[in-house]
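What follows is the residue order along each chain.
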Amino acid sequence: MKLSINTRFPMNDGLGIPALGLGVWQTPSGKQCEAAVLAALEAGYRHIDTAAIYGNEASVGAALHKSGIPRTEIFVTTKLWNEDHGNPTKAFDKSLKRLQLDYVDLYLMHFPVPERNQSWTVMEELHASGKARSIGVSNFTIRHLDELLARSKTIPAVNQVEFHPFLYQKELLEYCQSKKILIEAYSPLTHGQRLDDRRLQQIAGKYAKSTAQILIRRCLQHGLVVLPKSVRRERIEENSAVFDFEIKADDMTQLDSLNENLRTCWDPTDAP
Ligand code: NAP
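This one's a predicted model, so the numbers in the text were calculated from it and none came from an experiment.

On to the packing of helix H2 (residues 57-67) against helix H3 (residues 88-99). Axis angle and axis distance: for two packed helices, these are the angle between their axes and the distance between the axes, and together they describe the pair. Interhelical geometry of H2 versus H3 gives an angle of 45° and a closest axis separation of 7 Å. As far as their axial angle goes, H3 and H2 are oblique. Residues Glu 57, Ala 58, Val 60, Gly 61 and His 65 of H2 pack against Ser 95, Arg 98 and Leu 99 of H3. Taken together, the residues of the contact of H2 with H3 break down into 3 nonpolar, 3 polar and 2 charged.

Moving on, we get to the nonpolar core. Among the nonpolar cores identified, the biggest contains 83 residues, and Leu 22, Val 37, Leu 64, Tyr 107 and Ile 214 are the most heavily contacted of them. If near-sequence neighbours (up to four positions away) are discounted, Leu 22 is found in contact with Ala 36, Val 37, Ala 40, Tyr 45, His 47, Ile 48, Asp 49, Pro 228, Ser 230 and Ile 236.

All right, on to the layout of surface pockets then. A volume near 650 Å³ is recorded for the largest pocket. Along the walls of the largest pocket sit 31 residues, with Trp 25, Ser 187, His 191, Pro 228 and Lys 229 positioned nearest its centre. When grouped by side-chain class, the residues that make up the lining of the largest pocket number 15 nonpolar, 11 polar and 5 charged.

To find leftover empty space, one rolls a probe the size of a water molecule over the atoms. For the coordinates displayed, the defined rule picks out 1 cavity of 30 Å³ or more. Of the pockets and cavities examined, the largest cavity occupies roughly 60 Å³. Looking at the lining of the largest cavity residue by residue, the class counts come to 6 nonpolar, 3 polar and 2 charged.

The subject of this paragraph is the site of the ligand. If you check the shell around the ligand, you find 30 residues, and the closest are Asp 49, Ser 187, Leu 189, His 191 and Ser 230. Trp 25 places a main-chain nitrogen or oxygen 2.9 Å from an oxygen atom of the ligand. At 2.9 Å from a nitrogen atom of the ligand is found a side-chain nitrogen or oxygen belonging to Gln 160. Protein chains shield 90% of the accessible area of the ligand, which is 910 Å² for the free molecule. More than half of the atoms belonging to the ligand lie within 2 Å of the grid points that define the largest pocket. In the shell around the ligand, the residues fall into 13 nonpolar, 11 polar and 6 charged.

Our focus in this paragraph is the sheet that holds strand E6 (residues 104-109). Pairing is parallel across the open sheet formed by 8 strands, whose spatial order is E3-E4-E5-E6-E7-E8-E9-E10. The open sheet terminates on both sides in strands that have one partner only, identified here as strand E3 (22-23) and strand E10 (225-226). Here strand E5 (residues 75-80) pairs with E6 via 4 bridges, running parallel. When the bridges of E6 are listed, Lys 79 appears paired with Leu 108. Contacting E5, E6 and strand E7 (132-138), helix H4 (residues 116-129) runs over the sheet at an angle of about 160° to E7.

About the criteria used
Along every chain, residues carry numbers that run from 1 in the direction the sequence is written. For a predicted model such as this one, the threshold for reporting local features is a pLDDT of at least 70, and the threshold for listing and counting side-chain atom pairs is 80 or more; totals across whole chains, interfaces and linings nevertheless cover every residue. For the side-chain quantities, the full set of heavy atoms in the structure was used; hydrogens and water were omitted. Lines fitted to C-alpha atoms define the axes, with helix axes restricted to the stretch in contact, and inter-axis angles between N-to-C directions lie between 0 and 180 degrees. For helices the rule is a DSSP run of H or I covering at least 4 residues; for strands it is a run of E covering at least 2, with both sets numbered from the N terminus onward. Working definition: roughly parallel below 35 degrees, roughly antiparallel above 145 degrees, roughly perpendicular at 65 to 115 degrees, and oblique for all remaining angles. By definition, residues are in contact when any of their heavy atoms lie within 4.5 Å. Gly counts as polar in this scheme, as do all residues outside two lists: the nonpolar Ala, Val, Leu, Ile, Met, Phe, Trp, Tyr, Cys and Pro, and the charged Asp, Glu, Lys and Arg. We call a set of buried Ala, Val, Leu, Ile, Met, Phe, Trp, Tyr and Cys residues a nonpolar core when their side-chain atoms join them within 4.5 Å. Burial status follows relative accessibility: with a 1.4 Å probe on protein chains alone, a residue under 20% of its type maximum counts as buried, one over 50% as exposed, and anything between as partly exposed. Definitions used for this entry: grid spacing 1 Å over protein atoms alone; cavity, a set of points where a 1.4 Å probe fits but cannot get out; pocket, an open set with protein on both sides within 12 Å along at least 5 of 7 lines; lining residue, one with an atom within 4 Å of a point. Grid points are joined across faces, edges and corners, and a volume is the space filled by probe spheres set on the points. Definition of nearness: a residue and a molecule or strand are near each other if at least one heavy atom of the residue lies within 4 Å of the molecule or strand. Side-chain atoms alone can form a polar contact between residues adjacent in sequence; in general such a contact is a pair of N or O atoms within 3.5 Å, and within protein one must be able to donate a hydrogen while the other accepts it. Per-residue accessibility takes into account occlusion by the displayed protein chains alone, with areas from the Shrake-Rupley method and a 1.4 Å probe. Think of it this way: if more than half of a molecule's atoms are within 2 Å of a pocket's grid points, that molecule is in the pocket or cavity. Two strands make a pair as long as DSSP finds a minimum of two bridges between them.

If you want it as structure tokens, here you go:
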């Protein structure tokens, strides 16, 4: 498949998800968040990944409305925070209100907390109501997914997890592919921690691309949705200029060999 900024990957519920999205974790709410979202939409992104805990849903919503782009063309994700499992419907309605939307394209369980099974049932109801067009999970390991699939008739549309060469979650990727759960790559730029890795720079040099662009392109070539974050217009644009080249198979293999189980965010391995 020839990838472009308009590419949507199919999810198991029959809907499509734009392959490239802007992440807004740690993007300060207010003018900076609005500007980042507007810059992304101007650069051609049609997918924004926020969460209740990011504290910037209202700014994302304001930018979406300011853009004037039809709602149906933009894919918006938000997430159920860990402390809101007592009443997921209330938390969801608050997110919708902050976003000034009447539906989200994707509602994710942010983390596999112990109350996850009851909350998943509520998320299934939100899905059935049409207010969450697709539902999925985040930070789920194979163990958490196995348990959920054994109990539920709804297979999560996506599992959003940390993914970059320094954390190559191959087993999880193959498991998700076998269950038709799309992986979304979070912290694809290693949260900024490995962008100056010498081996990465060497590969980037071959393609006259930045290391950030190589990391983003690698996710896409693995068939993953990818969610780079930046607050700077020039980087937002740079991170979307990844559709005019292709990483060759031997370089993909080399990138895959850089795994060192680096977790830049959180490690859900032992989440009960
Ligand atoms: P990331 O996208 O891996 O990296 C962001 C960092 O890289 C920022 O410091 C950014 O700085 C810098 N950066 C961006 N583009 C760059 C470029 N072209 N060149 C050099 N530096 C660049 O980090 P992330 O925010 O951890 O992950 C991305 C998104 O994934 C989040 O925003 C969020 O939507 C999602 N996420 C989800 C979870 C979850 O639990 N579900 C966890 C983590 C992340 P500037 O902003 O200053 O440009």
